[in-house]
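Each chain is listed here by its residues.
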Amino acid sequence: MALAIFDLDETLIHGDCASLWSEQMARLGWVDGKSFLKRDHELMEAYGKGHLQMEDYMAFSLEPIAGRTLEEVEHLVEPWVEDVIEPIIYGDACRCIAEHRQRGDRVLIISASGAHLVGPIAARLGVDEYLAIELEAVNGVFTGKTHGVLTYREGKITRLLEWLDQEQENLEGASFYSDSRNDLPLLLKVDHPYVVNPDPVLREHAQTNGWPILSWS
């Protein structure tokens with residue numbers, strides 16, 4: 001059994017779930033839509049260029065849920081996944097996951113988005129195992145802070161290695177699928193890197209190294 005590891009945003013889905021959730025929070029009236037979404041856009045542009053400090057984005061994006069209960073947020077995320085995320089899941093991604101399952105591979109999603117979003121989306125994709133940015137909660141209430149190593153850039157490797165140790169797994173024969181230059185550290189770590197609808201920097205790296213370039217829709 002080999003691991004089949006997938007990034008989430010812009011890899012399995014045509015969009016970024018964190019930004020789409022920001023739009024949902026604006027619709028819910030949790031934030032001032034115009035200013036909040038402007039700042040979200042600025043931070044996501046920095047992400048696309050590989051310049052983002054993920055701690056900055058998480059502090060910004062989690063502020064609206066601070067003081068809200070886990071149940072309240074979960075209650076609102078579930079229908080959002082159905083209405084907003086399900087229509088943008090790549091059909092090719094679903095087929096790829098199914099092919100890995102047919103081979104007997106173990107499927108894992110690893111994402112730089114918050115676990116409150118990644119978990120329900122993974123469930124909708126039929127994937128039980130995922131690693132995401134963990135959110136701090138005290139007595140069932142979100143604090144607006146994260147805890148543990150953030151699953152971003154090299155942090156994805158750190159969290160993955162911890163998970164491998166816990167699960168008594170290894171990276172022999174592993175595949176990893178991603179769209180982003182930010183995932184180059186992990187793409188370089190696996191035996192079978194695949195780039196999906198890649199950004200320009202990742203595309204150039206893939207072409208130079210002979211990595212498969214996939215166009216999913």
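Please refer to the structure placed before this passage.
Keep in mind that this is a model prediction, so the values were computed, not measured.

The rules behind the values
Residues numbered from 1 in each chain as written. Predicted model: local features only at pLDDT ≥ 70, side-chain atom pairs only at ≥ 80, totals over all residues. Heavy atoms only, no water. Helix = DSSP H or I, 4+ residues; strand = E, 2+ residues; numbered from the N terminus. Rg over C-alpha atoms; globule rule 2.2 N^0.38 Å. Buried < 20%, exposed > 50% of the residue type's maximum accessible area, 1.4 Å probe, protein only. Contact = heavy atoms within 4.5 Å. Areas by Shrake-Rupley, 256 points an atom, 1.4 Å probe, with all protein chains shown as cover. Lys, Arg positive; Asp, Glu negative; His and termini not counted. Charge placed at Lys NZ, Arg CZ, Asp CG, Glu CD. Pairing = 2+ DSSP bridges. Axes fitted to C-alpha atoms, helices over the stretch in contact; angles between N-to-C directions. Parallel < 35°, antiparallel > 145°, perpendicular 65-115°, else oblique. Left-handed = near helix turned anticlockwise from the far one by under 90°. Nonpolar A, V, L, I, M, F, W, Y, C, P; charged D, E, K, R; others polar. Phe/Tyr/Trp six-rings, centres within 6.5 Å; stacked < 30°, edge-to-face > 60°. Disulfide = S-S within 2.5 Å.

> Quick question: what am I supposed to make of the overall build of the protein here?
What the protein contains, in helices and strands, is 9 helices and 7 strands. Over its C-alpha atoms the protein spans a radius of gyration of 17 Å, differing by no more than 12% from the 17 Å that the globule rule assigns to 217 residues. In terms of overall dimensions, the protein has C-alpha extents of about 45 × 35 × 30 Å along its principal axes. Buried positions account for 51% of the 217 residues belonging to the protein. Within the protein, contacts between residues at least 6 apart in sequence are counted, and of these 60% link residues at least 24 apart. Element-wise, carbon and sulfur atoms account for 47% of the exposed surface of the protein, whose accessible area totals about 10300 Å². Put simply, the protein has 18 plus and 37 minus side-chain charges, and the middle of one group is 5 Å from the middle of the other.

> I'm lost on the sheet that holds strand 6 (residues 192-196) in this one. Help?
Ordered by their spatial adjacency, 7 strands build an open sheet running 4-3-2-1-5-6-7, and the pairing between neighbours is mixed. What marks the edges here is a single partner per strand, and that holds for strand 4 (141-147) and strand 7 (213-214). Of the strand pairs in this sheet, strand 6 and strand 7 are connected by 2 bridges, and their pairing is parallel. Opposite Val 195, over in strand 7, you have Ile 213 as the bridge partner.

> Could you clarify how one ought to interpret the packing of helix 1 (residues 17-28) against helix 4 (residues 70-85) in this entry?
To describe two helices that pack against each other, one gives the angle between their axes and the distance between the axes. In contact at an axis separation of 11 Å, helix 1 and helix 4 are set at 115 degrees when each is read in the N-to-C sense. Taken together, helix 1 and helix 4 sit at an angle that is classed as roughly perpendicular. Classified by chirality, the crossing of helix 4 by helix 1 is right-handed. Between helix 1 and helix 4, the residues in contact are Cys 17, Leu 20, Trp 21, Gln 24, Arg 27 and Leu 28 and Val 73, Leu 76, Val 77, Trp 80, Val 84 and Ile 85, respectively. Of the residues contributing to the contact of helix 1 with helix 4, the split by class is 10 nonpolar, 1 polar and 1 charged.

> Could you clarify how one ought to interpret the pairing of strand 4 in this entry?
With 4 bridges connecting them, strand 3 (residues 130-138) and strand 4 associate as antiparallel partners. Considered in strand 4, the bridge of Ala 137 is made with Phe 142. Counted along the chain from strand 3 to the antiparallel partner strand 4, the turn is 2 residues long, and its residue Asn 139 has a positive phi close to 55 degrees.

> Help me out: how do you make sense of the packing of aromatic side chains in this one?
Two measures describe an aromatic ring pair: the distance that separates the ring centres and the angle between the ring planes. One pass over the structure, following the stated rule, counts 8 aromatic pairs. When the ring of Trp 21 is compared with that of Trp 80, the centres are 5.3 Å apart and the planes differ by 70 degrees; the resulting orientation is edge-to-face. With Trp 21 in helix 1 and Trp 80 in helix 4, the pair connects residues that are 59 residues apart, well separated along the chain. Taking 6.0 Å as the distance between ring centres and 35 degrees as the angle between the ring planes, the aromatic pair formed by Tyr 47 and Tyr 152 counts as tilted. Separated by 105 residues along the polypeptide, Tyr 47 in helix 2 (residues 33-48) and Tyr 152 in the loop between strand 4 and helix 7 (154-167) bring together distant segments of the chain. Per residue, the accessibility class of Tyr 47 equals that of Tyr 152, and both read buried.

> Help me understand the state of the cysteines, please; the structure alone is not making it clear to me.
A disulfide bridge is the covalent bond that connects two cysteines by way of their sulfur atoms. Throughout the structure, instances matching the rule amount to 0 disulfides. Cysteine Cys 17 is unpaired, with the sulfur of Cys 94 as its nearest cysteine sulfur at 15 Å. Free cysteine: Cys 96, not disulfide-bonded; nearest cysteine sulfur from Cys 94 at 10 Å. Judged by relative accessible area, Cys 96 falls into the buried class, the value being 8%.

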